[in-house]
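# Architecture at a glance
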Amino acid sequence: MNELRDKVAFVTGGASGIGLGISKAMVAAGMRVVMADVRQDHLDEARAWFVSQKQSRRIMEAATLVREYRGFVWSQCYRQNLPQIWTIFAVLLAVGGAF
């Protein structure tokens, strides 16, 4: 999968459940991953796992805020300092649960 090496995936719900599984698979394929999640504790646990695997340089956490406006659900990413060299290649939506 050399064509994915160093590409960037933005994974919503990326710090737990299926989203974390997707994040781990993307890193294993050589990608860089921005894990967006509404739960800071999940982000902290996911980062700790990547640190333990010596893969922390391939991930970035993004705390998010989910809002409803006129029946639409919007997710706003809090992390504004995504490195300029990290151009998003893929967006994967793995959000579940009730808001």
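To start, this report covers the structure provided alongside it. These numbers come from a predicted model, not from an experiment.

On to helix α1 (residues 17-28), then. Compared with the 16 Å implied by 1.5 Å per residue over 12 residues, the 17 Å span of α1 between its first and last C-alpha is a close match. Remark: G30 follows α1 within two positions and exhibits a positive phi of approximately 95°.

So, about the environment of R5. Looking at the secondary structure, you find R5 in the segment before β1 (8-12). For the pair R5 and A29, spaced 24 residues apart in sequence, the C-alpha to C-alpha distance is 6.8 Å. Contact partners of R5, with chain neighbours within four places excluded, come to A29, G30 and R58.

All right, on to the packing of aromatic side chains then. Enumeration over the complete set of coordinates arrives at one aromatic pair. Here W49 and F50 contribute two aromatic rings whose centre-to-centre distance is 5.1 Å and whose plane-to-plane angle is 85°, an arrangement assigned as edge-to-face. Judged by its relative accessible area of 33%, W49 is partly exposed. Using a relative accessible area of 0% as the deciding quantity, one classes F50 as buried. A cation over a ring is seen here: K24 above W49, with NZ or CZ 4.1 Å from the ring centre.

Rules used throughout
- Residues numbered from 1 in each chain as written.
- Predicted model: local features only at pLDDT ≥ 70, side-chain atom pairs only at ≥ 80, totals over all residues.
- Heavy atoms only, no water.
- Helix = DSSP H or I, 4+ residues; strand = E, 2+ residues; numbered from the N terminus.
- Expected span 1.5 Å × (residues − 1).
- Contact = heavy atoms within 4.5 Å.
- Phe/Tyr/Trp six-rings, centres within 6.5 Å; stacked < 30°, edge-to-face > 60°.
- Buried < 20%, exposed > 50% of the residue type's maximum accessible area, 1.4 Å probe, protein only.
- Lys NZ or Arg CZ within 6 Å of the ring centre and 35° of its normal.

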